[in-house]
Amino acid sequence: MRALVISGGGSKGSFAGGVAQYLMEIEKKEYDMFLGTSTGSLLVPHLALNKIDKLYDIFTNVQQQDIFSVSPFVQRKKGDREYVSIDFVNSLWQFMKRKRTFGESKALRRHIKKNFTFEEYQRIKETKHDVVVTVSNLSMNRVEYKSIQECSYEEFCNWIWISCNYIPFMSLAKVDGYEYADGGLGSVIPIREAILRGATEVDAIVLEAESLGKQKVLGKNPFSLMISLFGHLLDQVERNDIIIGKLAARNKNVKLNLYYTPTTLTENSLIFSKRLMTKWWQQGFDYAEKRHQK
């Protein structure tokens, strides 16, 4: 059984789309199982349907207002560099309303349901072994994996949304008395879970460079420094996931193919730029092509 696994990575998910397009359209790989975390959870249902053109349009046209109903960021540009700074008005409004996050991402939940229909959900259940998304149960301090085979349409759309909720910048969700957030807080790339679910070959797309090519620029204010700190912590989780995945693959005699980004794509993956995301999609396709030609 062949599985495609995609890590978290915000706007860098467009790179994963390019890699997946090459694997599925040029290499003609067919997958029985799809697993994703955060942005990976947005990608995997459409890849399971083999609707790559639709996925390309969704990912390269997404904007901040498609993600945030209350955005904690102001997006700025200096030369070729795009970055974010805090939106003091929205953040202060959140505090006044006694919210526990700087922003809200309810717009993303509407965007998911708009682009992933009930008919598509039904088709996946009928034609694929499984599609799984990763969430973090903060109340119980554990990672949970939500299968499309065990969820209704409404539930599965909700879990996709929850998997993407990068707190404290996005919504904190409550389900059955438990509070949930981004799956990447516990498992950035669920390679081991794919193996435990019966995969005999795994293609894993990691939305980080294998090694840091240049010194990171840390935030120049407390807010942007917090983003840098969260990025550092998630990098450590991701490295542990990969080590555990490699060990599980070796123990179960599973073929594991890892696809990293060739360089660090962005300092802040919460910036959604059509120009950058279109560029990264093509870079992902070209990277996969070059790797397979070798």
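What you see is a predicted model; the values in this text were computed from it and never measured.

A. Quick look at the packing of aromatic side chains. In the structure shown here, the tally under the stated rule is 17 aromatic pairs. For the ring pair Tyr22 and Phe285, a centre distance of 5.4 Å and an interplane angle of 80° mean the geometry is edge-to-face. Of the two residues, Tyr22 sits in helix H1 (residues 13–26) while Phe285 sits in helix H11 (residues 274–293), which places them 263 residues apart along the sequence. You'll find Tyr22 and Phe285 in the same group, each marked buried. Cluster of aromatic residues (ring-pair linked, three or more members): Phe68, Phe73, Phe95, Phe102, Tyr166, Phe169 and Phe230. It is Arg291 that lies over the ring of Tyr259; its NZ or CZ is 4.2 Å from the centre.

B. A look at the packing of H1 against helix H2 (residues 39–48). Running from N to C, H1 and H2 cross one another at 30°; their axes reach a closest spacing of 10 Å. Considered as vectors, H1 and H2 are oriented roughly parallel to each other. H1 and H2 meet at a crossing whose hand is right-handed. Contact residues: H1 offers Gly13, Ala16, Gly17, Ala20 and Met24, while H2 offers Thr39, Leu43 and Leu47. In terms of residue class, the contact of H1 with H2 is built from five nonpolar, three polar and no charged.

C. Region of the structure containing the pairing of strand S2 (residues 33–37). For S2, the buried fraction is high: five of the five residues fall into the buried class. Burial along S2 is two-sided: Met33, Leu35 and Thr37 facing one way and Phe34 and Gly36 facing the other are all buried. Regarding topology, H1 serves as the crossover connection from strand S1 (residues 2–6) to the parallel S2, and that connection is right-handed. Sheet analysis places S2 next to strand S5 (residues 130–137), joined by five bridges and oriented parallel. By the bridge assignment, Gly36 is partnered in S5 with Val133.

Conventions used here
- Residues numbered from 1 in each chain as written.
- Predicted model: local features only at pLDDT ≥ 70, side-chain atom pairs only at ≥ 80, totals over all residues.
- Heavy atoms only, no water.
- Phe/Tyr/Trp six-rings, centres within 6.5 Å; stacked < 30°, edge-to-face > 60°.
- Helix = DSSP H or I, 4+ residues; strand = E, 2+ residues; numbered from the N terminus.
- Buried < 20%, exposed > 50% of the residue type's maximum accessible area, 1.4 Å probe, protein only.
- Lys NZ or Arg CZ within 6 Å of the ring centre and 35° of its normal.
- Axes fitted to C-alpha atoms, helices over the stretch in contact; angles between N-to-C directions.
- Parallel < 35°, antiparallel > 145°, perpendicular 65-115°, else oblique.
- Left-handed = near helix turned anticlockwise from the far one by under 90°.
- Contact = heavy atoms within 4.5 Å.
- Nonpolar A, V, L, I, M, F, W, Y, C, P; charged D, E, K, R; others polar.
- Right-handed = clockwise from strand over helix to strand, strands pointing away.
- Pairing = 2+ DSSP bridges.

In short, the description is geometric, and any link to function would need to be established separately.
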